[in-house]
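As a plain string of letters, each chain reads:
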Amino acid sequence: MAKTLIPPFCVSGATGSRKERLITRTSALFPPHSASQTQARTVATTSEPLASLPSASKSRHSLSPMLESQTILITGALLLLLFLAWKYKGLFVFFWHECILLPVFNFISGMSKEERILNWVKQNAVVGNPQSVLEAIDKYGYEKEWAMHVGDVKGRIMDKIMEETKPKIVLELGAYCGYSAVRMGRLLPPGGHLFSIEFNQKFADISQQMIQVAGLQDKISILNGPSQEIIPQLKKKYEINTVDMVFLDHWKERYLPDTKLLEESGVLHKGTVLLADNVICPGTPDFLDYVRNSKRYECTNYPATVEYMRMHDALEKAVFLG
Ligand code: 2F6
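Definitions and cut-offs
Residues numbered from 1 in each chain as written. Predicted model: local features only at pLDDT ≥ 70, side-chain atom pairs only at ≥ 80, totals over all residues. Heavy atoms only, no water. Phe/Tyr/Trp six-rings, centres within 6.5 Å; stacked < 30°, edge-to-face > 60°. Helix = DSSP H or I, 4+ residues; strand = E, 2+ residues; numbered from the N terminus. Buried < 20%, exposed > 50% of the residue type's maximum accessible area, 1.4 Å probe, protein only. Lys NZ or Arg CZ within 6 Å of the ring centre and 35° of its normal. Core = buried A, V, L, I, M, F, W, Y, C linked by side-chain atoms within 4.5 Å. Axes fitted to C-alpha atoms, helices over the stretch in contact; angles between N-to-C directions. Parallel < 35°, antiparallel > 145°, perpendicular 65-115°, else oblique. Left-handed = near helix turned anticlockwise from the far one by under 90°. Contact = heavy atoms within 4.5 Å. Nonpolar A, V, L, I, M, F, W, Y, C, P; charged D, E, K, R; others polar. Salt bridge = Lys/Arg side-chain N within 4 Å of Asp/Glu carboxyl O. Pairing = 2+ DSSP bridges.

Caption draft 1: Looking closely at the packing of aromatic side chains. Enumeration according to the criterion identifies ten aromatic pairs in this entry. Between Tyr-176 and Phe-203, the aromatic rings sit 5.0 Å apart at their centres with planes inclined by 90°, giving edge-to-face as the arrangement. Of this pair, Tyr-176 sits in the loop between β1 (169-173) and α10 (179-185) while Phe-203 sits in helix α11 (residues 201-214); the two residues are 27 residues apart in sequence, bridging distant segments of the chain. Residue Tyr-176 shares its accessibility class with Phe-203, and that shared class is buried. By way of ring pairs, the aromatic residues Phe-94, Phe-95 and Trp-146 are connected into one cluster. Its guanidinium or amino end placed over the ring of Tyr-290, Lys-260 lies 5.2 Å from that ring's centre, counting from NZ or CZ.

Right, here's the structure in full:
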């Protein structure tokens, strides 16, 4: 009775040679062809109960130290993971959301996060009311899913800088879902215009729809493509003489080369305000070094927090002096 209840791989694991054990384990998937393989299976399934065999105890003795060290290793790894999760709570939560929950949400909803944000805005904001669009995006960011919009904390600093600078023509690098474009666009004077360069076609489409919901389509143009290709075309193709303000919020390693490209292309005038997001998190050290050590810029730092989080971040204002 007992013999028939013991799964073949347990029995062979205790009694057979390594080769036999392998053959017997795999035999469930691949039926044996040779006589020796058949023999191995027969030996295994008809052997005596585990405890009564000397080879069984021998094999248990040789396995247990390995199992013990494995258990110690796994426990150690789990403890280390728990310690790191506690020490770097913010980062851990961030990676948990972005790497584990996000693919699950995307699979279940059949939509990307950005599509879910747009849907939420369409359901919760008032068409033609930019403030309601910003509030809907912020609510979604705090209560549903984190996303890399500028957010309300840094957004209020941007509002203040916009009110002080009073720009007519604004250039944005990196639109994402259109949050900062709507934020700045709503404060433009009559006849003012914002051009936002977005590399990702899907994000450019989402931004265009977001701007439509806000009713700012006549004030904002989304230009789809890489900044290094579009910046040199601003004057001729887009008929932009100079810009009064530039909001840098795209790839952090492009902040410095694009600043130099803007200088070379002649779209900056005396007094143009460069406003850079994320100068602390993830950080833009080469850009900060350049503008802070250049006599052509006057810099101010605005400490803040990462959007919808408590982690430190800041905006840097660099006024071009000519
Ligand atoms: N240009 C090279 C990247 C971007 C970007 C996020 C614009 C742009 N390059 C990054 N949105 N757009």
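The structure having been displayed, the exposition proceeds.
Caption draft 2: Broad picture of the nonpolar core. Within the largest apolar cluster, 47 residues are counted, with the highest numbers of intra-cluster contacts made by Ile-117, Val-121, Val-133, Ile-137, Met-184, Met-210 and Met-245. Among the elements that make up this core, the one with the highest residue count is α11 (seven residues). Among the nonpolar cores identified, the runner-up in size contains 28 residues, and Leu-234, Val-246, Val-291 and Ala-318 belong to it.

Caption draft 3: Local environment of the packing of helix α7 (residues 113-124) against helix α8 (residues 130-143). Remark: α7 packs on α8, axes separated minimally by 9 Å, with the N-to-C direction vectors making an angle of 130°. The pairing of α7 with α8 is recorded here as oblique in orientation. Both α7 and α8 take part in a crossing whose hand is right-handed. Listed contacts from α8 to Arg-116, Ile-117, Trp-120, Val-121 and Asn-124 of α7 are Val-133, Ala-136, Ile-137, Lys-139 and Tyr-140. Considered class by class, the residues forming the contact of α7 with α8 number seven nonpolar, one polar and two charged.

Caption draft 4: Layout of the pattern of salt bridges. Applying the stated criterion across every chain, the model contains 13 salt bridges. Across the salt bridge formed by Glu-98 and Lys-113, the nearest N and O atoms sit 3.4 Å from each other. Residue Glu-98 is located in helix α6 (residues 89-109), and its partner Lys-113 is located in helix α7; the two are separated by 15 residues in the primary sequence. Residue Asp-277 pairs with Lys-154 through a salt bridge whose shortest N-O separation is 2.9 Å. Highlighted residues: Asp-277 in the loop between β5 (268-276) and α14 (279-283) and Lys-154 in helix α9 (residues 151-165), separated in sequence by 123 residues. Accessibility classification places Asp-277 together with Lys-154 in one group, the buried group. Taken together, the shared-partner salt bridges connect Lys-154, Asp-277, Glu-307 and Asp-313 into one network.

Caption draft 5: Inspection of helix α13 (residues 255-265) at higher detail. For α13, the full list of buried residues reads Tyr-255, Leu-256, Asp-258, Thr-259, Leu-261, Leu-262 and Glu-263. Looking one or two places after α13, you find Gly-266, whose phi comes out positive at around 75°.

Caption draft 6: Region of the structure containing the sheet that holds strand β7 (residues 312-320). Overall, mixed pairing links the seven strands, which are arranged β3-β2-β1-β4-β5-β7-β6 in an open sheet. Taken across any chain shown, the strands that pair with only one partner, and hence form the sheet edges, are β3 (220-224) and β6 (297-305). Neighbour-to-neighbour, the strand axes of this sheet turn through a mean angle of 15°, independent of strand direction. As paired strands, β5 and β7 are joined by four bridges and run antiparallel to one another. Pairing of Leu-274 across the sheet is with Ala-318, part of β7. Lying over the sheet, α9 contacts β4 (243-248), β5, β6 and β7, oriented at roughly 150° with respect to β6. Across the face of the sheet, α11 comes into contact with β2 (193-198) and β3 while running at roughly 170° to β3.

Honestly, that's just the spatial picture; any functional story needs more than this.
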